[in-house]
Amino acid sequence: MQVDFLRPGGFGSALGNDVTHLQRAVGPCQDVLAAAREAGLVVIHTREGHAAPLLDLHPYKRVRPGQDETTAAIGRPGPCGRILVR
């Protein structure tokens, strides 16, 4: 689970979403993950993160409807560094 989506100060909260209720999902997800590993299942982790020049960023995500220079956007500086940039 990415900090950018779940924690205050990340991308999700910068978009104006209340992410505080999402913390309730962390414990159950950890339990499911532990059970899957114990059962010998293959666990694959993914994350959204773009290369620094943002050449791999889809044009729709680069400029979204209603976005301006004050809106949180991928690649802009945020409290955790550049938003969704590896």
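The rules we used
Numbers given to residues run from 1 along each chain, matching the order in which its sequence is written. Per-residue local features are limited, in this predicted model, to residues with pLDDT of at least 70; the limit for side-chain atom pairs, both in listing and counting, is 80 or more; totals at the level of whole chains, interfaces and linings are taken over all residues. Each side-chain value is derived from all of the structure's non-hydrogen atoms; neither hydrogens nor water enter the calculation. Per the convention used, a helix needs a DSSP run of H or I reaching at least four residues, while a strand needs a run of E reaching at least two, with both numbered from the N terminus. Restricting the calculation to C-alpha atoms gives the radius of gyration, and the globule rule supplies 2.2 Å times the number of residues raised to the power 0.38. Remark: exposure states derive from per-residue accessible area (1.4 Å probe, protein chains only) relative to the maximum for the residue type, with buried under 20%, exposed over 50%, and partly exposed in between. In this analysis, two residues are considered to be in contact whenever any of their non-hydrogen atoms come within 4.5 Å of each other. Only the protein chains shown count as cover for residues, with accessible areas throughout obtained via the Shrake-Rupley method and a probe of 1.4 Å. Throughout this description, the term salt bridge denotes a Lys or Arg side-chain nitrogen within 4 Å of a carboxyl oxygen of Asp or Glu. What a helix is expected to span follows from its residue count: subtract one and scale by 1.5 Å. The pLDDT value tells you how sure the predictor is about a given residue, anywhere from 0 up to 100.

A. Broad picture of the overall build of the protein. Looking only at helices and strands, the protein has 4 helices and 2 strands in total. Taken over C-alpha atoms, the radius of gyration comes to 15 Å for the protein, far larger than the 12 Å a tight globule of 86 residues would show. Dimensions along the principal axes, computed over C-alpha positions, put the protein at roughly 45 × 30 × 20 Å. Classification of the 86 residues of the protein by burial places 22% in the buried group. Partitioning the contacts of the protein with sequence separation of at least 6, the portion at a separation of at least 24 is 42%. Per element, the accessible surface of the protein, about 6,200 Å² overall, is 59% carbon and sulfur.

B. The arrangement of the pattern of salt bridges in detail. Under the defined criterion, the tally for this structure stands at 2 salt bridges. Between Glu48 and Lys61 there is a salt bridge, with the nearest N and O atoms lying 2.8 Å from each other. Remark: Lys61 occurs in helix H4 (residues 59–62) and Glu48 occurs in the loop between helix H3 (26–38) and H4; sequence separation between them is 13 residues. Under the relative-accessibility criterion, Lys61 is labelled partly exposed at 28%.

C. Representation of H3 in the model. Under the 1.5 Å per step criterion, the end-to-end length of H3 is 18 Å for 13 residues, consistent within 8% with the ideal 18 Å. Downstream of H3 by one or two residues, Gly40 has phi in the positive range, about 80 degrees.

D. Quick look at the environment of Gly78. Tracing the sequence through the fold places Gly78 in strand S1 (residues 77–78). The exposure class assigned to Gly78 is partly exposed, which follows from its relative accessible area of 27%. A sequence separation of 35 residues divides Gly78 from Val43, and the C-alpha atoms of the two residues are 30 Å apart.

E. Molecular detail of unusual backbone geometry. For Leu54, which is not a glycine, the phi torsion comes out positive at approximately 65 degrees. For Leu54, the location among the structural elements is in the loop between H3 and H4. The backbone phi angle of Leu84 is positive, close to 55 degrees, even though this residue is not glycine. The class of Leu84 is buried, set by a relative accessible area of 3%.

F. Just the confidence of the model for the protein, in detail. Scored by pLDDT, the protein comes out at a mean of 86, with 97% of its residues at no less than 70. Mean pLDDT values for the elements of the protein range from 80 in helix H1 (residues 3–6) up to 95 in H3.

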